[in-house]
Amino acid sequence: MFRFGEPLYLYLLIALPLLAVFYFYSNYMRRKKLRRYGDVKLLEHLMPQVSKYRPDVKFWLLLTAMAMVIFMLAQPQFGSKMETVKRQGIETVVALDISNSMLAQDVTPSRLEKSKRLLSRLIETFNNDKVAMIVFAGEAFTQLPITSDYVSAKMFLESINPSLITTQGTDIRAAIDLAMKSFTPNEGVGRAIVLITDGENHEGGAIEAAQEAAKKGVHVFVLGVGSPDGSPIPVERSNEFRRDKDGNVVVTRLNEDMCREIARAGNGMYVRVDNTNNAERALNAEINKLAKADVETQVFTEFDEQFQVLAWLALIFLATEAMLLNRKNPLFKNVKLFKQD
């Protein structure tokens, strides 16, 4: 892979053809003035040591040296590669509920959008940590495998919406089981599952799954999104609300009791997400308490600077230009300097 560290310097190359035009124009004017002094053949005898070609050679050597210097200023770089580095960090798997009830607007702008913004800010606090994303409703699947690429993590986060899963429900057990399979095999690293849900339509088995995670040293943190008082579920791209089979408006309520039980079983913490940033601060504080161990990460090494060759070439061209005289070599003094136009 090749690139320039400072590509703006390449605009200086525009000056080179302008210098060439100016040089040729100057030569034309000089020859025109010489013709005023007399016959060209006579001038050849008056200036026997003047070379016709050496000034041109010196000019092209100097112009080439200037080009080499410009390329040096642009910092040509070559030879990046992937390497494995060890850094201190933790591993966090986020399991986000994307059932239709997460569209409720008892938190602003909605339960799902509030959760996504919270996660985006959480990812921004990571440093040398790894993160994975799981989405779930009636089933669970991996949205993003565990990685240190936070840019990709935020990109995948933005694309999350309830249409990713057609099976409705809130199968928290499936989400926790899948999260446990998402961690790396590294030993001694702090691990956490961040479960974000409103807890409604709980499928069962979540407490047992959280207990199994805690036995393996994984902390399960639960963020409950919404209000216990409940809120209707809007229908996307309309002003209507979802209704049951009898035509009644469906009201979704945050199941805080269930969320607390899962967090307690998972040796973690439950926090309710409202319209403040309290949940975010509390979660950051708890995650920062986790032990950090060496985490292997695939990263690009820095590009190697490749200006040395250009520097040597520029030096050779400049030295040659300096040593090359305008007067021709005596060995070739019989060579005619001027040609009849």
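See above for the structure.
Quick caveat: nothing in here was measured; it's all calculated off a predicted structure.

Caption draft 1: Region of the structure containing the sheet that holds strand S6 (residues 140-147). Pairing within the open sheet is mixed, and its six strands lie in the order S6-S5-S4-S7-S8-S11. Two strands lie at the open edges of the sheet, namely S6 and strand S11 (270-273), each paired on one side alone. Ignoring strand direction, the axes of neighbouring strands in this sheet form an average angle of 15°. One ladder, built from six bridges, connects strand S4 (residues 91-97) with strand S7 (residues 191-197); its direction is parallel. By the bridge assignment, Thr 92 is partnered in S7 with Ala 192. With respect to the sheet, helix H4 (residues 111-125) is in contact with S4, strand S5 (130-136), S7, strand S8 (218-225) and S11, its orientation differing from that of S4 by roughly 170°. Seen against the sheet, helix H5 (residues 150-158) touches S5 and S6 and runs at an angle of roughly 15° to S5.

Caption draft 2: Representation of the environment of Ser 110 within the structure. Position of Ser 110 relative to the elements: it lies in the loop between S4 and H4. Accessibility expressed as a relative area gives 7% for Ser 110, which makes it buried. Expressed as a C-alpha distance, the spacing of Ser 110 and Pro 234, which sit 124 residues apart in the sequence, is 9.9 Å. Not counting the four nearest positions on each side in its chain, Ser 110 is found in contact with Met 102, Leu 103, Ala 104 and Gln 105.

Caption draft 3: Local environment of the packing of H4 against H5. Put simply, H4 and H5 touch, their axes get as near as 10 Å, and they point 180° apart. With respect to H5, the element H4 is oriented roughly antiparallel. Contacts between H4 and H5 involve Lys 116, Leu 119, Ser 120, Ile 123 and Glu 124 from the first element and Tyr 150, Ala 153, Lys 154, Leu 157 and Glu 158 from the second. Here the residues of the contact of H4 with H5 are counted per class, giving five nonpolar, one polar and four charged.

Caption draft 4: Examining the packing of aromatic side chains more closely. Under the criterion given, the structure shown has five aromatic pairs. With 6.2 Å between their ring centres and 55° between their planes, Phe 126 and Tyr 150 make a pair best called tilted. Note that Phe 126 is positioned in the loop between H4 and S5 and Tyr 150 in helix H5, a separation of 24 residues in sequence. In this pair, the class of Phe 126 matches that of Tyr 150, namely buried. An aromatic cluster is built from Tyr 23, Phe 24, Phe 59 and Trp 60, whose rings are joined through pairwise contacts.

Caption draft 5: Region of interest: the nonpolar core. Membership of the largest hydrophobic core comes to 35 residues, with the highest contact counts inside it found for Leu 96, Ile 196, Leu 223 and Leu 283. Sort the elements by how many residues they give to this core and H4 lands first, with five residues. Each residue touching Leu 96, except ones within four places of it in the same chain, is listed here: Met 102, Leu 112, Ser 115, Lys 116, Leu 119, Ile 134, Val 135, Phe 136, Ile 160 and Ile 196. Grouped together as the second largest cluster of nonpolar side chains are 26 residues, Ile 176, Leu 195, Ala 210 and Val 218 included.

Caption draft 6: Representation of the side chain of Asp 97 within the structure. Along the chain, Asp 97 falls in strand S4. With no salt bridge to any partner, buried Asp 97 finds its closest opposite charge in Arg 111, at an N-O distance of 7.4 Å. Here Thr 197 takes part through its side chain, which lies 2.8 Å from a polar atom of the side chain of Asp 97. Ignoring anything within four residues of it in the chain, the contact list for Asp 97 reads Met 102, Leu 112, Phe 136, Thr 170, Ile 196, Thr 197, Asp 198 and Gly 199.

Caption draft 7: The arrangement of a nonpolar patch on the surface in detail. A cluster of nonpolar side chains, contributed by Leu 8, Tyr 11, Ile 14 and Leu 18, occupies part of the molecular surface with about 500 Å² of accessible area. Here Leu 8 shows up in the loop between strand S1 (2-4) and helix H1 (15-35). Assessed through its relative accessible area of 64%, Leu 8 is described here as exposed.

Caption draft 8: Region of interest: the side chain of Thr 252. If you trace the backbone, Thr 252 turns up in strand S10 (residues 251-252). A distance of 2.9 Å separates polar atoms of two side chains, one belonging to Thr 252 and the other to Arg 111. Excluding anything up to four places from it in sequence, Thr 252 contacts Ser 101, Ala 104, Arg 111, Asp 198, Glu 200, Gly 230, Ser 231 and Ile 233.

Caption draft 9: Structural context of H4. Between its first and last C-alpha atoms H4 spans 22 Å; for 15 residues at 1.5 Å apiece the expected length is 21 Å, and the two agree. Listed as buried for H4 are Arg 111, Leu 112, Lys 114, Ser 115, Lys 116, Leu 118, Leu 119, Ser 120, Leu 122 and Ile 123.

Caption draft 10: Spotlight on the pairing of S6. Bridging between S5 and S6 involves five bridges; their strand directions are antiparallel. Bridge pairing in S6 links Val 135 to Phe 141. Between S5 and S6, which pair antiparallel in sequence order, lie three residues.

Caption draft 11: Inspection of the pairing of S4 at higher detail. With seven of seven residues buried, S4 lies mostly within the body of the structure. Neither face of S4 is exposed, since Glu 91, Val 93, Ala 95 and Asp 97 on one face and Thr 92, Val 94 and Leu 96 on the opposite face are all buried. Note that S4 and S5 share seven bridges and pair parallel. Note on S5: the bridge partner recorded for Leu 96 is Val 135. Taken together, S4, H4 and S5 constitute a β-α-β crossover, and its handedness is right-handed.

The rules behind the values
In this convention, every chain numbers its residues from 1, walking through the sequence in written order. Reporting in this predicted model follows two pLDDT cut-offs: at least 70 for local features of residues, and 80 or more for side-chain atom pairs to be given and counted; totals over whole chains, interfaces and linings ignore these cut-offs and use all residues. Excluding hydrogens and water, the side-chain values take into account all heavy atoms of the structure. Paired strands, as defined in this entry, are two strands with at least two bridges between them according to DSSP. Here a helix means four or more residues in a row that DSSP labels H or I, a strand means two or more in a row labelled E, and each is numbered from the N terminus. Each axis is a line fitted through C-alpha atoms, taken for helices only over the stretch in contact, and angles between the N-to-C directions span 0 to 180 degrees. Throughout, a contact is declared for two residues whenever any of their heavy atoms are within 4.5 Å. Type-normalised accessible area, obtained with a 1.4 Å probe on protein chains alone, sets the label of each residue: buried when under 20%, exposed when over 50%, and partly exposed for intermediate values. Throughout this description, any angle smaller than 35 degrees is read as roughly parallel, any larger than 145 degrees as roughly antiparallel, any in the 65 to 115 degree range as roughly perpendicular, and the remainder as oblique. Under the convention adopted here, Pro, Cys and the residues Ala, Val, Leu, Ile, Met, Phe, Trp and Tyr are nonpolar, Asp, Glu, Lys and Arg are charged, and Gly plus all remaining residues are polar. Within 6.5 Å between ring centres, the rings of Phe, Tyr and Trp (the latter by its six-membered ring) count as paired, and their orientation is classed by plane angle as stacked under 30 degrees, edge-to-face over 60, tilted in between. Residues grouped as a nonpolar core are buried Ala, Val, Leu, Ile, Met, Phe, Trp, Tyr and Cys residues, joined through side-chain atoms within 4.5 Å. Working convention for charge: Lys and Arg count positive, Asp and Glu count negative, and His plus the chain ends are omitted. In the sections that follow, a salt bridge refers to a side-chain nitrogen of Lys or Arg positioned within 4 Å of a carboxyl oxygen of Asp or Glu. Polar contact criterion, stated in full: a pair of N or O atoms within 3.5 Å, where within protein one must be able to donate a hydrogen and the other to accept it, and residues adjacent in sequence count only if both atoms are side-chain atoms. Patches draw on residues past 30% relative accessible area with no salt bridge. Two like charges within 9 Å are joined, as are two nonpolar side chains (Val, Leu, Ile, Met, Phe, Trp, Tyr) within 5 Å. For accessible areas, the Shrake-Rupley method is used with a probe of radius 1.4 Å. Any residue's cover is judged against the shown protein chains and nothing else. A helix is expected to span 1.5 Å for every residue after the first. Clockwise travel from the first strand over the helix to the second, with the strands pointing away from the viewer, marks a crossover as right-handed.

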